[in-house]
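Residue strings, one per chain:
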Amino acid sequence: MSSAKKFKVNGVVYDIDVNATETIAAAQAAAEAANAAAANANALQQNLESGSVVPAKAGNLDSWAGKTLNAPDVQTEKVFTTGGDVSIDSSVNAQIEHIIAKTDFTATSLLSTGFNLLRNAVAVGDGWYFPVPALAFGAINTAAKPNGVLFTNSEGSNLTPTVRFKKLSDGAPSSVSDGSACAYTDATTGGKTYRFYTTSEAGYIIVSGITRASVCAHIGWSGRYDEYKAINASGDAGATVALAAAITAMHSFGKMLAIGNIGDRIDRIGATQVRLTAYIDRVQPSWLTTLNEDGTTYTHEASITAMKTDGAAAFMEANHVLTVNGNTVSYSDNSSAASTDYVKYEKAAPVATTYSLATDFAVEDWGCIVLQGASGEAEIAIAYAQGMPDSLRAIAAVRMGAAEKAIEDADVRTDNLESEVLLLAGDDFEHKYGQPRELYAHDTPAESRIPDNWVQLEDGGYNWTGKPSALGQVYNNVDNLTGAGSIWKAYKKSNYELDWMPAN
Amino acid sequence: MSKIQFTRIPNRGDAVLGDLTTGKVVFLRQDSFSSTADIDNTRYEIIGVVAKREGKKVLIVYKTNASRVWSKRYSYKLTVTAGATSGTLSIRQSSDSWAENHTHTITWTNAFADDAEHRTEVVAALNTYFAANSPFKGTEQDWMAEVVGSEIHLHYSYVDWRQANYNTASSGFGLTANLLPEIPAIANILRRHGGTGGEGVISNWYRALAYFENDNSSATYNPNSDVTSVKRTYPICLPGYLGTSIYQSDHCAALRAVYGEGREGWLKFMASCLPVVPSDWGNMGMDFGMKWTKIMAAKRFSSQSMTNEPLCPAAYYCYNTPNVQALPVGKWHMPTVKEVYDILGGVVYGTVNDRNADILNATLNKLGASAISNGTHVWSSSRYNSSYAWFAYGNFGFFSGNYMCVSHLAVPVSLYELA
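Because the structure is predicted, anything quoted here is derived from the model rather than measured.

1. Details of the overall build of chain A
Turning to step 1, where the next piece is worked out: Each helix and strand in chain A was counted, giving 6 helices and 29 strands.
Turning to step 2, where the next piece is worked out: The proportion of buried residues among the 504 residues of chain A is 49%.
Turning to step 3, where the next piece is worked out: Within chain A, contacts between residues separated by at least 24 positions form 74% of all contacts whose residues are at least 6 apart in sequence.

2. Focus on the overall build of chain B
Turning to step 1, where the next piece is worked out: Check the secondary structure of chain B and you find 10 helices and 20 strands.
Turning to step 2, where the next piece is worked out: The buried share of chain B, taken over its 419 residues, is 51%.
Turning to step 3, where the next piece is worked out: Long-range contacts, defined here as pairs at least 24 residues apart, represent 67% of the contacts in chain B between residues at least 6 apart.

3. A closer look at the nonpolar core
Turning to step 1, where the next piece is worked out: Residues Val16, Val49, Ile60, Ala314, Ala315 and Trp379 of chain B are the most contacted members of the largest nonpolar core, which totals 126 residues.
Turning to step 2, where the next piece is worked out: Among residues more than four places away in sequence, those in contact with isoleucine 60 of chain B are Val16, Ile47, Gly48, Val50, Val413, Ser414 and Tyr416 of chain B.
Turning to step 3, where the next piece is worked out: If you look at the next biggest cluster of nonpolar residues, it comprises 28 residues, including Trp128, Val132, Leu150 and Ile205 of chain A.

4. Topic: the confidence of the model for chain B
Turning to step 1, where the next piece is worked out: Here chain B averages 94 in pLDDT, and 100% of its residues register 70 or above.
Turning to step 2, where the next piece is worked out: Reported confidences for the modelled complex are a pTM of 0.57 and an ipTM of 0.84.

5. Description of the interface of chain A and chain B
Turning to step 1, where the next piece is worked out: If you look at the interface, chain A gives 21 residues, while chain B gives 21 residues.
Turning to step 2, where the next piece is worked out: Taken together, the elements giving at least two residues each to the side of chain A that touches chain B come down to α6 (388–425) and β29 (497–502) of chain A.
Turning to step 3, where the next piece is worked out: Here the side of chain A that touches chain B is composed, by residue class, of 10 nonpolar, 5 polar and 6 charged.

6. Considerations on the sheet that holds β29 of chain A
Residue and element names in this part refer to chain A.
Turning to step 1, where the next piece is worked out: If you walk across this open sheet you meet the 4 strands as β26-β27-β28-β29, and the pairing is mixed. The open sheet is flanked by β26 (438–441) and β29, the only strands paired with a single partner. Here the strands of the sheet are splayed against their neighbours by 35° on average, with no regard to which way each runs.
Turning to step 2, where the next piece is worked out: Here strand β27 (residues 474–477) pairs with strand β28 (residues 487–494) via 3 bridges, running antiparallel. Opposite valine 474, over in β28, you have lysine 489 as the bridge partner.

7. Here's the deal with the confidence of the model for chain A
Residues and elements named next belong to chain A.
Turning to step 1, where the next piece is worked out: For chain A, mean pLDDT is 53; residues scoring 70 or higher make up 34% of the total.
Turning to step 2, where the next piece is worked out: Overall, residues 140–145 carries pLDDT values under 50, and its contacts beyond four positions in sequence, including any with other chains, amount to 24 contacts.
Turning to step 3, where the next piece is worked out: Ignoring residues within four places in sequence, the model shows residues 222–389, a span with pLDDT below 50, making 569 contacts including any to other chains.

8. Quick look at the packing of helix α7 (residues 289–298) of chain B against helix α8 (residues 313–320) of chain B
All names here are of chain B.
Turning to step 1, where the next piece is worked out: It is at 8 Å that the axes of α7 and α8 come closest, and there the two elements cross at 110°. On the basis of the axis angle, α7 is roughly perpendicular to α8. The hand of the α7/α8 crossing is left-handed. Counted together, Thr293, Lys294, Met296 and Ala297 of α7 and Ala315, Tyr316, Cys318, Tyr319 and Asn320 of α8 form the full contact between these two elements.
Turning to step 2, where the next piece is worked out: Taken together, the residues that form the contact of α7 with α8 break down as 6 nonpolar, 2 polar and 1 charged.

9. Describing the pairing of strand β16 (residues 378–383) of chain B
All names here are of chain B.
Turning to step 1, where the next piece is worked out: Most of β16 is tucked away, with 6 of its 6 residues classed as buried.
Turning to step 2, where the next piece is worked out: Of the strand pairs in this sheet, β16 and strand β17 (residues 388–393) are connected by 3 bridges, and their pairing is antiparallel. If you follow tryptophan 379 over to β17, its bridge partner there is phenylalanine 391.
Turning to step 3, where the next piece is worked out: Once β16 ends, the chain turns through 4 residues before running back antiparallel as β17.

10. What to know about the environment of tyrosine 341 of chain B
All names here are of chain B.
Turning to step 1, where the next piece is worked out: Positionally, tyrosine 341 belongs in helix α9 (residues 337–344).
Turning to step 2, where the next piece is worked out: Assessed through the 28 C-beta atoms surrounding it within 10 Å, tyrosine 341 is described here as buried.
Turning to step 3, where the next piece is worked out: Sequence spacing of tyrosine 341 and phenylalanine 391 is 50 residues, and the spatial spacing of their C-alpha atoms is 9.9 Å.
Turning to step 4, where the next piece is worked out: Those residues in contact with tyrosine 341 that lie beyond four places of it in its chain are Ser203, Pro275 and Val277.

11. Here's the deal with unusual backbone geometry
Turning to step 1, where the next piece is worked out: The omega torsion of the bond from serine 134 of chain B to proline 135 of chain B falls at 5°, within 30 degrees of zero and hence cis.
Turning to step 2, where the next piece is worked out: With respect to the helices, strands and loops of the structure, proline 135 of chain B is situated in the loop between α1 (116–132) and β10 (144–148).
Turning to step 3, where the next piece is worked out: In this structure, tyrosine 433 of chain A is a non-glycine residue whose phi angle is positive, near 55°.
Turning to step 4, where the next piece is worked out: Note that tyrosine 433 of chain A resides in the loop between β24 (431–432) and β25 (435–436).

12. Some details on the sheet that holds β10 of chain B
Strand pairing within a sheet occurs via backbone hydrogen bonds; the two strands may be parallel or antiparallel.
Residues and elements named next belong to chain B.
Turning to step 1, where the next piece is worked out: Reading across from one edge, β10-β11-β7-β13 is the order of the 4 strands in this open sheet, with antiparallel pairing throughout. Every interior strand has two partners, whereas the edge strands, β10 and β13 (173–177), have only one. On average, each strand axis in the sheet is inclined to that of its neighbour by 35°, with strand direction left out of account.
Turning to step 2, where the next piece is worked out: Sheet analysis places strand β7 (residues 73–80) next to β13, joined by 5 bridges and oriented antiparallel. Looking across to β13, one finds that leucine 78 is bridged to leucine 175.

13. Topic: the environment of alanine 111 of chain B
Residue and element names in this part refer to chain B.
Turning to step 1, where the next piece is worked out: Residue position: alanine 111 is located in the loop between β9 (101–107) and α1.
Turning to step 2, where the next piece is worked out: Among the residues examined, alanine 111 registers 11 C-beta atoms within 10 Å and is labelled exposed.
Turning to step 3, where the next piece is worked out: When the C-alpha atoms of alanine 111 and threonine 85 are compared, they prove to be 5.0 Å apart, with 26 residues separating the residues in sequence.
Turning to step 4, where the next piece is worked out: Non-local contacts of alanine 111, meaning those with residues more than four positions away in its chain, are made with Gly83, Ala84 and Thr85.

14. Observations regarding α7 of chain B
All names here are of chain B.
Turning to step 1, where the next piece is worked out: Of the residues making up α7, those classed as buried are Gly289, Trp292, Thr293, Met296 and Ala297. The arc that holds every buried residue of α7, seen down its axis, measures 130°, which confines them to one face.
Turning to step 2, where the next piece is worked out: In this fold, the buried residues of α7 make contact with α8, α9 and β16.

15. With respect to the environment of alanine 84 of chain B
Residue and element names in this part refer to chain B.
Turning to step 1, where the next piece is worked out: When you line up the elements, alanine 84 lands in the loop between β7 and β8 (86–92).
Turning to step 2, where the next piece is worked out: With 89 residues separating them along the chain, alanine 84 and phenylalanine 173 place their C-alpha atoms 8.7 Å apart.
Turning to step 3, where the next piece is worked out: Setting aside chain neighbours within four positions, we find alanine 84 in contact with Ala111, Phe112 and Gly172.

16. Quick word on the pairing of β27 of chain A
All names here are of chain A.
Turning to step 1, where the next piece is worked out: Residues Tyr475 and Asn477 point to one face of β27 and are all buried, whereas Val474 and Asn476, pointing to the other face, are not buried.
Turning to step 2, where the next piece is worked out: Bridge count between β26 and β27: 4 bridges; the pairing is parallel. Directly across from tyrosine 440, in β27, lies its bridge partner asparagine 476.

Definitions and cut-offs
Residues numbered from 1 in each chain as written. Chains lettered and ligands numbered in written order. Predicted model: local features only at pLDDT ≥ 70, side-chain atom pairs only at ≥ 80, totals over all residues. Helix = DSSP H or I, 4+ residues; strand = E, 2+ residues; numbered from the N terminus. Buried ≥ 20, exposed ≤ 12 C-beta atoms within 10 Å, placed from the backbone. Contact = placed C-beta atoms within 7 Å. Core = buried A, V, L, I, M, F, W, Y, C linked by C-beta atoms within 7 Å. pLDDT = per-residue confidence, 0-100. Nonpolar A, V, L, I, M, F, W, Y, C, P; charged D, E, K, R; others polar. Pairing = 2+ DSSP bridges. Axes fitted to C-alpha atoms, helices over the stretch in contact; angles between N-to-C directions. Parallel < 35°, antiparallel > 145°, perpendicular 65-115°, else oblique. Left-handed = near helix turned anticlockwise from the far one by under 90°. Arc of directions from axis to C-beta.

Okay, here's the thing in structure tokens:
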């Protein structure tokens, strides 16, 4: 793997120092490159306002981790929408939480799409406007193009605000009454009726009478062929685009989808329950290694390795590495045309590489990955960000609590041990009440003859009285241990005193 | 709520709680909580504080205490002279502020012989007289005579020390003090200087220093003759020790030769007046607090008005008052002299007006429990002699005996054995 490569996304060529070994330095470089890409994206957005490209913004997802989507559902002629608001700190990076898949599955392509056009709309008066390409409504499930802009609330239900249209050539809107009333077509899909606002050419949609934070405006894709169109210009099922490529080449707006080799796009992500408002920014595809000079073909060695034989992507928690069977892919189309919003890569020869989920898949605020099985009954895998920092904090708090508890327990044990030691520091086998159990003295017991090992007052004990200090005490006349009266034992003479009794 | 910490082996000042779920005693480290707000009162009941641990034995002080008299009655054994048909009681009474003895002669019909019939006759005559005459009446000293086995006992309402000191009998009667003979009267505590004897051994270091720091006119605490032995019954005030007292000339040169000059020498001397604790003999070796308390708490007496009351309110209080599940009634007693010392010895509160001045009171304070001041008179369960019981003398900081009719602090304690 080498460095100083070029690649092109959305018609913009980037100079990237790529190192596919995925060192931290490489990740940092990728992050820097991503920042550069973001800057370029901002520049691109400026351009978009001139009408050249649809602004590419998308938002956050609630967690769908672990949920299963059925392919038959998504093959029906429904228009699934993206939309809605959630409150996520835009500075929080998304990370992939986990990926699951259990069907016989080989992911062959990915698509990112979907966006909330209101997210970066320009305020004008008490409304907003945003640029759009030409939007013509077509029959659902047949038209190979977007079907106009629709507005939904946070539940995905249709909204009909005041919508006007102003051509690009007439300049940016200056009020909510600028332009003319926008054309639309009402159509029913999935049991719901939506209003699709259409335009004859690129221009600005001006919307008013809404609370922007709770409304999503987005392109209505009308069916499987549209989506295939987005993936494969030929519209053929089974178009092959490397999973890794598409993941990393995640579109600068909207969600990302994996297209199986026989399956349809799964478009449930971003549907009614999901609300999108915040940005998602593309991460630099660090695995891109070559770029042909005509700017139309990218060749890379895919970063994702070790796709499991059953098709599941594996998430290695220990090192945050996703390994998938990767493929060399070729760039075949891009989003430079105003009527499309996608980036596509096609699969070439499989290769195996590893790259880091923590860095290479990082997206701002949120992200998702949808994998579709070859059988059409897809298992879904989610890359998800929302709430992750809080979750991590919660985990950290729990672990911190456990650590503190362990410390407390250790303190108690230490305290107890110290107490045990203190117990031994008083009476012991040799002493009772601070005096020796065995006294060594001279002659018979008498107050005038202090035993050699008695601890007197001035030495921290108490004065010898000639009498025992405790029951059990023995007085030894060390000068005559064998003679009568040489050993004495303490006994309780009365409640008032102890005294010595000859022991031999 | 802070993080409280329990300990298996408690030390002085640790709080004692009852675990309501297990019914067991637990010990809370005194430095791990700041108030009862830190203690889950649905899980734990507050019992008291640890005064001392010796090996596995933990002396627990209950959370409340109260002032009670040691005994409400004074009692005699009455002897009657054979053949007598009358006897004389000479007693003090409140009408003259207990100043003089007043003589009363009680008569009966049959010449006394030491048998049940005659004892009954004498008792009847006495009770008739008591009921009719002041100050024996039930509304006054409430004297009662009873036949107990082969003896005649007299008892009366004990309210003034002069009753015990000066009441006598004559002319057919003889009186022998007979108050709680089951409780041995012992007055002997070994000091560290080797001396023994009754009152005067220091019960609280801080209080003793505070009191004896000052000059004192009493020859008991300020010798009026040369001291020749280190075995002093009572402490000596600092000016007396130094020979600078305004009340006495210097009589303590011999002591200073042993302990040193100046305040430092005096402090060493004062330390020699501390008790030797523990011990296997004397008051510091008596560990029968529970036994004695049980006896006293069970004692009741009848009055002329036929009431039936506890005889020993202090013991009764200590035995019956604690109301905690983990250490129920039957586990508590009135402390022995040694236990009073174990409780009071390290108390600073009193000479320092701060509930947190010492670790025992600080914990009692945090628990919202009764304080124990080193200036308080605290009863022990130990008898001193026929009329006295041992108590910690809060004025002086030493142990002393006092008349049992006096109210002092009754402090319930429990000796808990660690597993």
